[in-house]
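Structural overview
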Amino acid sequence: MLTLLHQAIVAIPLLILIVVLGWTTPRLGAGMFRRVESTLAWLGRRPHLALAAIAPVGLLTAASVSWCIGIPQPSVHDEFSYLLAADTFAHGRLANPPHPMWVHFESFHILQQPTYASKYPPGEGLMLAAGQICFHLPIAGVWLTMGLTCAAICWMLQAWMPARWAVLGGILACINLALLESCGTYWGGNMAALGGVLTLGGFRWTTRQPRPGNALLLGGGIAVLAVTRPYEGFVLALMVLVALAVWAFRQNRWRELAGTVALPLGSILLLTFAAIGFYNRSVTGSPFRLPYTVHESTYAVAPVFLVQRPLPIPHYNHAVMREFHLGQAMAPYNRQRSPRGFVEGALGKLGDIAVWYLRPLLLGLPLATLPWMLKRDPWMRLAGWIYAVFSLALLAETYWSPHYFTPILSVIWLFVLQSMRHMHAWRLAGKPSGRFLVRAVLILCIFSWGKWYRDFARLERKPLGAARAQILARLERVPGDHLVLVSYRPGHDPNAEWVYNRADIDNSRVVWARAMGDAKDSELRAYYASRRVWRLDADAAPPQLTPESSGDGQTDTMTARPK
């Protein structure tokens, strides 16, 4: 909320200036913008060409994030879990067999029993695996997702508004700061955004042109949501399917739609549920048990939803995992259980949406036309109801991150572009002031995009990602295979976790394991008798890696060099 207030304070003087200029000099820069608008109109008359042009632009802007900051190094728990899924899929497996020494490899958001796998749904991991297979870079899967999402946004908007505005929406999506920021991580929500865009676009196209192809795209969107964010996806898909059924009965077209829409839609949903069941069975042993559910019952105490009671405290093999699940993971639940805490949490979540998706904040200026738009257009009122119900559903969740909201990005973008259309037509005292205001907002979006690159490049990265990657790279240059026993000092931050491994642990050059005392560590050393053993003091400044023994007489110590 403080960030939102700060942005509002900065935006108010700029807003006043824009309004004054819109009143006094509304035709400023009109010649240049007319050329831009004629280009958008030309592309709008060629919808397939527009999609083919926007997709590579979105991919290139996503790749430019890595050009700006370098290939991102994972540092957040979730990123390592998604990368484990990607590595598993890239090796042609849905899950890995449990390791005989699995207790040393336990880590956050990862299953060790009954299989070694990520707890998360497979969607994000599949795209990262595509990047790993095709380009030997998992982050390339994120770039590909960005390109597809931007093109899908243009396609979705083509069903709701004139084609030139849809093209503008697709181009603006390529420089959308929320989508771009997700391209610098391995746990962003762009796959869920793609699912939401396909779902909303497929719904609207189906009501306009009830064809099997549109129904398949609608089903494809729901499938993407199901394998990325199942709860949020279920809420959005349920509202869209109910709206489609109501529309069919009101138009008395349900018999006609039974074959052209219901059959292909039902088929793809059935295949999706069958595939999810097969995946669940491969990971958990049951088609009806999600990996996420198994993980939470094994490790978690805080429930997923605020209305649930805390889970029984399980046995933890490692103090750092106990501290995380009983401390940091429980804090949001305890804080939001009181009426005041719930209200503060709800306001914080809703404020985060504005800060995250409406950057620059003046991008929300055209939303001043939203009341008139909702009053005049029943389809936009439906979109408003979808947005409202979705937001309320998210308030019930214990945890929150802005990317949880990405399935509904399609509605936010629809509101913004439709509002721009309405503001563009405003005239004050016969002057085209609304047109000037929209053009000013577009210029600010471009400037904010450039400023974001500068600030993002200067942003201090989490030191863990760089330090771990640095030590890993140096170990891989040392001949032979290695075993790293990681130990933490009292008061260690559970978020600074080092113990993560590839899908095939035994065939990895470097294996990271938790030090558990002499007896347990001796068993691990015996299992990896051929490996050189190192001890990592993760809480030293900088982290220090010391060889436990060396057959070549070397006793060198490695440290992560601070940048």
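Below you will find a few notes about this structure.

Regarding the overall build of the chain
Of the regular secondary structure elements, the chain holds 22 helices and 7 strands. For the chain, whose C-alpha radius of gyration is 26 Å, the value lies close to the compact-globule estimate of 24 Å for 563 residues. Considering the chain as a whole, with its 563 residues, one finds that 54% of them fall into the buried category. Positive and negative side-chain charges in the chain, numbering 51 and 31 respectively, have mean positions lying 17 Å apart.

Here we look at the pattern of salt bridges
Overall, the coordinates contain 11 salt bridges when judged by the stated rule. Residue Glu-232 pairs with Arg-229 through a salt bridge whose shortest N-O separation is 3.2 Å. The salt bridge involving Glu-344 is made with Arg-340; its shortest N-O contact spans 3.0 Å. Here Glu-344 pairs with Arg-340, and both are found in helix H16 (residues 339-357), just 4 residues apart, close to one helical turn. Accessibility expressed as a relative area gives 66% for Arg-340, which makes it exposed. Each of Asp-521, Arg-525, Arg-535 and Glu-548 takes part in a single network of salt bridges with overlapping partners.

A look at a nonpolar patch on the surface
Among the surface-exposed residues, Phe-234, Leu-238, Val-242 and Val-246 lie close enough to one another that they form a single nonpolar patch of about 360 Å² accessible area. Topologically, Phe-234 is positioned in helix H11 (residues 230-250).

Notes on the packing of aromatic side chains
If you walk through the whole model with that rule in mind, you get 17 aromatic pairs. Ring geometry for Phe-390 and Phe-405: centres 5.4 Å apart, planes at 85°, overall edge-to-face. Within this pair, whereas Phe-390 is found in helix H18 (residues 378-395), its partner Phe-405 is found in the loop between H18 and helix H19 (409-424), the two being separated by 15 residues in sequence. For Phe-390, a relative accessible area of 0% puts it in the buried group. A relative accessible area of 1% places Phe-405 in the buried class. Site record: aromatic cluster; members linked through ring pairs are Tyr-357, Tyr-387, Phe-390, Trp-400, Tyr-404, Phe-405 and Phe-415. The lysine or arginine in question, Arg-204, covers the ring of Trp-160, its NZ or CZ lying 5.4 Å from the ring centre.

Section: the nonpolar core
Grouped together as the largest cluster of nonpolar side chains are 114 residues, with contacts concentrated most on Leu-157, Leu-414, Leu-417 and Met-420. Sort the elements by how many residues they give to this core and helix H6 (residues 139-158) lands first, with 12 residues. In this structure Leu-157 touches Ala-166, Gly-169, Gly-170, Trp-413, Leu-414 and Leu-417, once residues within four positions along its chain are discounted. Counting residues in hydrophobic clusters, the runner-up holds 28 residues, among them Met-101, Phe-108, Tyr-299 and Met-321.

Remarks on the environment of Gln-308
As for its placement among the helices and strands, Gln-308 is situated in the loop between helix H13 (291-299) and helix H14 (319-328). Separated by 25 residues in sequence, Gln-308 and Tyr-333 have C-alpha atoms that sit 9.8 Å apart. In this structure, Gln-308 is in contact with Pro-303, Tyr-333 and Arg-337, ignoring residues within four places of it in sequence. Here Phe-305 takes part through its backbone nitrogen, which lies 3.0 Å from a polar atom of the side chain of Gln-308.

Examining the pairing of strand E5 (residues 532-537)
Strand direction decides the pairing type here: strand E3 (residues 482-487) and E5, joined by 6 bridges, are parallel. Residue pairing for E5: Val-484 is matched across the bridge by Trp-534. Across 4 bridges, the pairing between E5 and strand E6 (residues 544-547) is antiparallel. Looking across to E6, one finds that Leu-536 is bridged to Leu-545.

With respect to the packing of helix H9 (residues 190-208) against helix H10 (residues 212-226)
Taken N-terminus to C-terminus, the directions of H9 and H10 make an angle of 155°; their axes are 7 Å apart at the nearest point. Here H9 lies roughly antiparallel to H10, going by the angle between them. The handedness of the crossing between H9 and H10 comes out as left-handed. Contacts between H9 and H10 involve Met-191, Ala-192, Gly-195, Gly-196, Leu-198, Thr-199, Gly-202, Phe-203, Trp-205 and Thr-206 from the first element and Asn-214, Ala-215, Leu-217, Leu-218, Gly-221, Ile-222, Val-224 and Leu-225 from the second. Taken together, the residues of the contact of H9 with H10 break down into 11 nonpolar, 7 polar and no charged.

A short note on the environment of Leu-198
The topology assignment puts Leu-198 in helix H9. A sequence separation of 282 residues divides Leu-198 from Gly-480, and the C-alpha atoms of the two residues are 48 Å apart. Not counting the four nearest positions on each side in its chain, Leu-198 is found in contact with Ala-152, Trp-155, Leu-217, Leu-218 and Gly-221.

Quick word on H14
The complete set of buried residues in H14 reads Val-320, Met-321, Phe-324 and His-325. Buried residues along H14 cover an arc of 125° about the axis, so they all sit on one side. Where H14 is buried, its residues contact helix H4 (77-90), H13 and strand E4 (510-514).

Notes on unusual backbone geometry
For the bond from Gln-113 to Pro-114, the omega torsion is 0°, close enough to zero to count as cis. Looking at the element boundaries, Pro-114 is found in the loop between strand E1 (110-111) and strand E2 (117-118). For the bond from Ala-541 to Pro-542, the omega torsion is 0°, close enough to zero to count as cis. For Pro-542, the position within the fold is in the loop between E5 and E6. With phi around 60°, His-136 is a residue other than glycine that occupies positive phi space. Structurally, His-136 can be placed in the loop between helix H5 (123-135) and H6. You can call His-136 exposed: its relative accessible area is 68%. Within the chain, Asn-252 stands out as a residue other than glycine whose phi angle is a positive 55°. For Asn-252, the position within the fold is in the loop between H11 and helix H12 (254-284).

Some points on the environment of Ala-223
One can find Ala-223 in helix H10. When its relative accessible area of 14% is taken as the criterion, Ala-223 is described as buried. Along the primary structure Ala-223 and Val-320 are separated by 97 residues, whereas in three dimensions their C-alpha atoms are 36 Å apart.

Reading the values: the criteria
Residues numbered from 1 in each chain as written. Predicted model: local features only at pLDDT ≥ 70, side-chain atom pairs only at ≥ 80, totals over all residues. Heavy atoms only, no water. Helix = DSSP H or I, 4+ residues; strand = E, 2+ residues; numbered from the N terminus. Rg over C-alpha atoms; globule rule 2.2 N^0.38 Å. Buried < 20%, exposed > 50% of the residue type's maximum accessible area, 1.4 Å probe, protein only. Lys, Arg positive; Asp, Glu negative; His and termini not counted. Charge placed at Lys NZ, Arg CZ, Asp CG, Glu CD. Salt bridge = Lys/Arg side-chain N within 4 Å of Asp/Glu carboxyl O. Patch = residues over 30% accessible without salt bridge, like charges linked within 9 Å, V, L, I, M, F, W, Y side chains within 5 Å. Areas by Shrake-Rupley, 256 points an atom, 1.4 Å probe, with all protein chains shown as cover. Phe/Tyr/Trp six-rings, centres within 6.5 Å; stacked < 30°, edge-to-face > 60°. Lys NZ or Arg CZ within 6 Å of the ring centre and 35° of its normal. Core = buried A, V, L, I, M, F, W, Y, C linked by side-chain atoms within 4.5 Å. Contact = heavy atoms within 4.5 Å. Polar contact = N/O pair within 3.5 Å; in protein donor to acceptor, adjacent residues only side chain to side chain. Pairing = 2+ DSSP bridges. Axes fitted to C-alpha atoms, helices over the stretch in contact; angles between N-to-C directions. Parallel < 35°, antiparallel > 145°, perpendicular 65-115°, else oblique. Left-handed = near helix turned anticlockwise from the far one by under 90°. Nonpolar A, V, L, I, M, F, W, Y, C, P; charged D, E, K, R; others polar. Arc of directions from axis to C-beta.

Take it as geometry only, folks, not as evidence of what the structure does.
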